[in-house]
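Listed here are the chains, written in short residue letters.
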Amino acid sequence: MAVSATLRGTILEIMVDNPPVNALGHAIRKSLLEALEAGARQPEVEAIVIACAGRTFFAGADISEFGKPPLDPILPDLCNAIEALGTPVVAAIHGTALGGGLEVALACHYRVAVPSARLGLPEVKLGLIPGAGGTQRLPRLVGIAAATDMILSGDPIPAGKAAELGLIDHVAEGSLIEEAHRWAQSIADQRPLPRTGERPTAGDAAAIDRYAQAHARKLRGQTAPQACFEALRAAIDLPLAEGLATERRLFRQLVDGDQSAALRHYFFAERKAARIDGLDASIEPLPIETVGVIGAGTMGAGIAMAFLSKGLRVVLLETSAEALDRGLAHIRQTFETGVAKGRMVQDDCDQALARLSTALDYAALGSCDLIIEAVFELMTVKREVFARIDAVARPGAILATNTSYLDIDEIAAATGRPEYVVGLHFFSPANIMKLLEVVRATRTSSRVLATAMALAKRIGKIAVVAGNGYGFIGNRLLARRRSEAYELLLEGVTPWDIDEAHVGFGMPMGPFRMSDLAGVDIGWHRDPTRVENVRDALCAAGRLGQKVGRGYYDYDEKRQAAPSAEALAIIDAFARSQGRTRRDVPRDDILERTLYAMVDEGARLLGEGIAQRASDIDVVWVNGYGWPSYLGGPMHWAERTGLARIVERLRVHGMPVAPLLAEKASRGERFDDPQAA
Ligand code: T1G
């Protein structure tokens, strides 16, 4: 029984068991309401406790039900029914009471939670607002300021903070169920039952305005946050019933909109990425406790921190004591800043540093379970390092490369154990960025691959499997966008026009500001006499990017960017040297030429089997490159734009169309639809 009711003395205990997260799907809502109403009719029942089995209290509505016709009882009605019951109801909270789960708890008359519980309204992360009373009941319980923070950030708060705010009535230090029952017994005859409290006062609206102003940039382009603000204002201006009606109207608008569809797509895409098609799920990952990191530069230090902060031991190897000292200083400084900013507790910082050892001799890596290199991106260097790793690594150790685009088969061939070689492409800063491309080379064994995926989850990374092709997934689309952007430069479009078009689309920055930030000279052959493209021309003129104060843009001492007349002159001169004529390019064409090219490249990745599924490509570009999550990722966005339209526009621009893209477009199919026979 997913919902069972058991009378213990005069307390009716309703236990919900709907793995994996007790989502409030239709069947649960129906059974829960029936059990509550039946319990309230029993004269011997003095109070009711609602609890959940498994790892968590209700973690929200069932997201997979959105986009389908709502089935009664809808969650708002269930919550209103709970609040209106004549019998007191106590919510017993553990795990993560999120979204509709917290809204059910808010409708209960009392809330008891264990110290480790977390409570939140993450709907805004799905392009929604709390749609079952949260925008009206939470402000009445904890005040507008705290409610605004919770609803607009979507981040959960710990039980202790919830108790301070009055969101929960009692923190259960012992058995949750027993203490919930004791609480229920203690309030069973208290009347009147606590109802949703007083409306916040009009003066509280200032807290909403303050939040909106402080987060304007982060919330730009998104519809749900604006709806959250409107619903919170309704909590101040309107009686509860009218406020709930406003919330319902706003929720319905959002749930039928593109942005929520994109964010819900992304929610499931991120979880689907963890699955490797065709890999036996029963494979036991290899044990990984000590990791060798070769290279203590920005990348190596970041990778070391990614493992250290999650409890693993690290042996950090460099070629000189000075390089090691620099790496250690970077790691220590980063952890201590984390402590100062409250992101890390001192004890964890101390323990992480205690798990770090350093070495100058490869022999020190002999006991490592996994060894990863983050050395210079040159094949000869990588192969030499791998040969040295192979000579000292213990049998069964995994040998990983952090290369961002080199051929991993060629690197693996430098060892006698290619089946233990895998790509772990971290994104800088590796201790912060959640994306990890796990690259399976031709000989990588299934167990090594399964181990890499399990390790990624353990260190809190979002792993996406890629095949061993140039640029894997993320950088392959980046390279295609960059080549189209270069073409536009040669036709007379300025770098700033291209960047502005991308920022207007929702990207955090455009391709040329990004190039200046990363370094225009990444991958440059360093021969100023060899000018084969715009990038070479800029590098030859010493315009290497923000780090030298000039690239595509000029930078002042505060690193503020300004369009550069000199850079434009260099671009124009190179274009003329190529016999290119300038022409007016409509603004819409800028995005079509660059973004549709990325979609075309994504289709090629699918056709070549480099990406398992289109949604994986979305996860990579949302997480690693800043594609707006409320647009779902390039492939989801392409499907919503219309694949046939994209094919037609690519052809108008005289650009190539991948066979898979043309085929899906002609059949009216989505990329991940099963391959038609
Ligand atoms: N609905 C449906 N499936 C869900 C789900 C949900 N709410 N939450 C998780 N799952 C699935 C997930 O897809 C995965 O499936 C499995 O459960 C384990 O999840 C009206 C409108 C609870 C913190 O946004 O944040 O209520 O891949 O891998 O890392 O106002 O899941 O195994 O097949 O993430 O331990 C609001 C979303 C909904 C919470 C657990 N609630 N979930 O994390 O496991 S909208 C949320 C999470 C709403 C009301 C509104 C996390 C978690 P599979 P997992 P985890």
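The rules we used
- Residues numbered from 1 in each chain as written.
- Predicted model: local features only at pLDDT ≥ 70, side-chain atom pairs only at ≥ 80, totals over all residues.
- Heavy atoms only, no water.
- Helix = DSSP H or I, 4+ residues; strand = E, 2+ residues; numbered from the N terminus.
- Rg over C-alpha atoms; globule rule 2.2 N^0.38 Å.
- Buried < 20%, exposed > 50% of the residue type's maximum accessible area, 1.4 Å probe, protein only.
- Contact = heavy atoms within 4.5 Å.
- Areas by Shrake-Rupley, 256 points an atom, 1.4 Å probe, with all protein chains shown as cover.
- Lys, Arg positive; Asp, Glu negative; His and termini not counted.
- Charge placed at Lys NZ, Arg CZ, Asp CG, Glu CD.
- Domains from an automatic or database assignment.
- Phe/Tyr/Trp six-rings, centres within 6.5 Å; stacked < 30°, edge-to-face > 60°.
- Pairing = 2+ DSSP bridges.
- Arc of directions from axis to C-beta.
- Axes fitted to C-alpha atoms, helices over the stretch in contact; angles between N-to-C directions.
- Core = buried A, V, L, I, M, F, W, Y, C linked by side-chain atoms within 4.5 Å.
- UniProt positions renumbered as here; feature names shortened; annotations may be inferred.
- Near = heavy atom within 4 Å.
- Polar contact = N/O pair within 3.5 Å; in protein donor to acceptor, adjacent residues only side chain to side chain.
- Nonpolar A, V, L, I, M, F, W, Y, C, P; charged D, E, K, R; others polar.
- 1 Å grid on protein atoms, 1.4 Å probe; cavity = no way out; pocket = protein on both sides within 12 Å on 5 of 7 lines; lining within 4 Å.
- Points joined across faces, edges and corners; volume = space filled by probe spheres on them.

Novice: Tell me about the overall build of the chain, residues and numbers included.
Specialist: Counting its secondary structure elements, the chain contains 28 helices and 19 strands. For 677 residues, the compact-globule estimate of 2.2 N^0.38 gives 26 Å, and the C-alpha radius of gyration of the chain, at 28 Å, lies within 12% of that figure. Counting only C-alpha atoms and orienting by the principal axes, one finds that the chain spans roughly 90 × 60 × 60 Å. Burial statistics for the chain: of 677 residues in total, 54% are counted as buried. Nonlocal contacts in the chain, meaning residues at least 24 apart in sequence, comprise 72% of its contacts between residues at least 6 apart. Approximately 28,000 Å² of the chain is accessible, and the part contributed by carbon and sulfur atoms is 53%. For the chain, the centre of its 75 positive side-chain charges and the centre of its 84 negative side-chain charges are spaced 1 Å apart.

Novice: How would you explain the domain arrangement of the chain if you had to name every residue and give the values?
Specialist: When cut into domains, the chain gives domain 1 (3–256), domain 2 (290–471), domain 3 (492–577) and domain 4 (587–609 + 611–667). On a C-alpha basis, the centres of domain 1 and domain 4 stand 39 Å from each other.

Novice: Which residues make up the packing of aromatic side chains, and what are the values?
Specialist: Inspection of the entire model under this criterion finds 16 aromatic pairs. Look at Phe-267 and Phe-268: their rings are 5.1 Å apart centre to centre, the planes differ by 85°, and that puts the pair in the edge-to-face class. With relative accessibility at 25%, the residue Phe-267 sits in the partly exposed group. On the numbers, 6.1 Å between centres and 75° between planes, the contact of Phe-307 with Phe-426 is edge-to-face. On the criterion of sequence distance, the pair formed by Phe-307 in helix α13 (residues 298–308) and Phe-426 in strand β15 (residues 421–426) is long-range, its members being 119 residues apart. With relative accessibility at 0%, the residue Phe-307 sits in the buried group.

Novice: Run through the pairing of strand β13 (residues 370–373), naming residues and quoting values.
Specialist: With burial as the criterion, each face of β13 is covered, one bearing Leu-370 and Ile-372 and the other bearing Ile-371 and Glu-373. In terms of strand pairing, strand β10 (residues 290–294) meets β13 through four bridges, oriented parallel. Residue pairing in the sheet places Gly-292 in a bridge with Ile-371 of β13. Strand direction decides the pairing type here: β13 and strand β14 (residues 398–401), joined by four bridges, are parallel.

Novice: Could you give me a rundown of helix α21 (residues 511–518), with the residues and numbers involved?
Specialist: By the burial criterion, the buried members of α21 are Pro-511, Phe-512, Ser-515 and Asp-516. Axial view of α21: buried residues confined to an arc of 140°, hence all on one face. For α21, the secondary structure elements touched by its buried residues are α19 (474–490), α20 (495–505) and β18 (553–555). Two residues or fewer after α21 comes Gly-519, characterised by a positive phi angle close to 120°.

Novice: Explain the sheet that holds β13 residue by residue, including any values.
Specialist: Strands sit in the order β12-β11-β10-β13-β14-β15-β16-β17 across an open sheet of eight strands; the sheet is mixed. A strand with exactly one partner marks an edge of an open sheet, and here the two such strands are β12 (356–359) and β17 (462–467). For this sheet the average axis-to-axis angle between neighbouring strands, irrespective of direction, equals 25°.

Novice: I'd like to hear about the nonpolar core, residue by residue, with values.
Specialist: Within the largest apolar cluster, 100 residues are counted, with the highest numbers of intra-cluster contacts made by Tyr-552, Trp-627, Leu-661 and Phe-671. Per-element accounting of this core gives the leading share, ten residues, to helix α24 (residues 587–608). In terms of nonpolar packing, the next biggest core, distinct from the first, is built from 86 residues, Leu-36, Val-104, Ala-159 and Ile-208 among them.

Novice: Report on the sheet that holds strand β2 (residues 11–16), specifying residues and quantitative values.
Specialist: Reading across the sheet, the six strands line up as β1-β2-β3-β4-β6-β9 and stay open at both edges, with mixed pairing between neighbours. Bordering the open sheet on either side are β1 (3–8) and β9 (170–171), each of which pairs with just one other strand.

Novice: So what's going on with the UniProt feature "domain: 3-hydroxyacyl-CoA dehydrogenase NAD binding" (unreviewed entry) in the chain? Residues and values would help.
Specialist: Sequence positions flagged by UniProt for "domain: 3-hydroxyacyl-CoA dehydrogenase NAD binding" (unreviewed entry) are, in local numbering, residues 290–467. Structurally, residues 290–467 is divided into 40% helix and 22% strand, and its ends, taken at the C-alpha atoms, are 26 Å apart.

Novice: How would you sum up the site of the ligand? Please name residues and give values.
Specialist: Lining the immediate surroundings of the ligand are 26 residues, of which Arg-55, Ala-61, Glu-103, Glu-123 and Arg-271 lie closest. Note that a nitrogen atom of the ligand is positioned 2.9 Å from one of the backbone N or O atoms of Ala-59. Contacts to the ligand include Arg-271, whose side-chain N or O atom sits 2.8 Å from an oxygen atom. Expressed as a share of its isolated accessible area of 990 Å², the protein-covered part of the ligand is 75%. Tallying contributions element by element places helix α12 (residues 258–272) first for the shell around the ligand, with three residues. For the shell around the ligand, the per-class residue count stands at 15 nonpolar, five polar and six charged.

Novice: Could you give an account of the environment of Leu-435, naming the residues involved and the relevant values?
Specialist: Note that Leu-435 resides in strand β16 (residues 435–440). Sequence spacing of Leu-435 and Glu-592 is 157 residues, and the spatial spacing of their C-alpha atoms is 26 Å. For Leu-435, the residues in contact, after removing those within four places along its chain, are His-425, Phe-426, Phe-427, Ile-462, Val-464, Val-619, Val-620, Asn-623 and Gly-624.

Novice: Account for the side chain of Thr-401, naming residues and giving values.
Specialist: Here Thr-401 is to be found in strand β14. Of the polar contacts made by the side chain of Thr-401, one reaches the side chain of Glu-373; its length is 2.3 Å. In contact with Thr-401, not counting residues within four places along its chain, are Ile-372, Glu-373, Lys-382, Phe-386, Ile-408, Ile-411, Val-422, Gly-423, Leu-424 and His-425.

Novice: Just give me the short version of the layout of surface pockets, but keep the residues and values in it.
Specialist: The space that makes up the second largest pocket amounts to roughly 1,700 Å³. Along its surface, the second largest pocket is lined by 47 residues, and Ser-404, Tyr-405, Asn-475, Ala-518 and Ile-522 are the ones closest to its centre. Put simply, the parts of the chain that give the lining of the second largest pocket at least two residues each are α13, β15, α19, α21 and α25 (614–625). Sorting elements by how many residues they give to the lining of the second largest pocket places α19 first, with seven residues. Considering only residue class, the lining of the second largest pocket consists of 27 nonpolar, twelve polar and eight charged.

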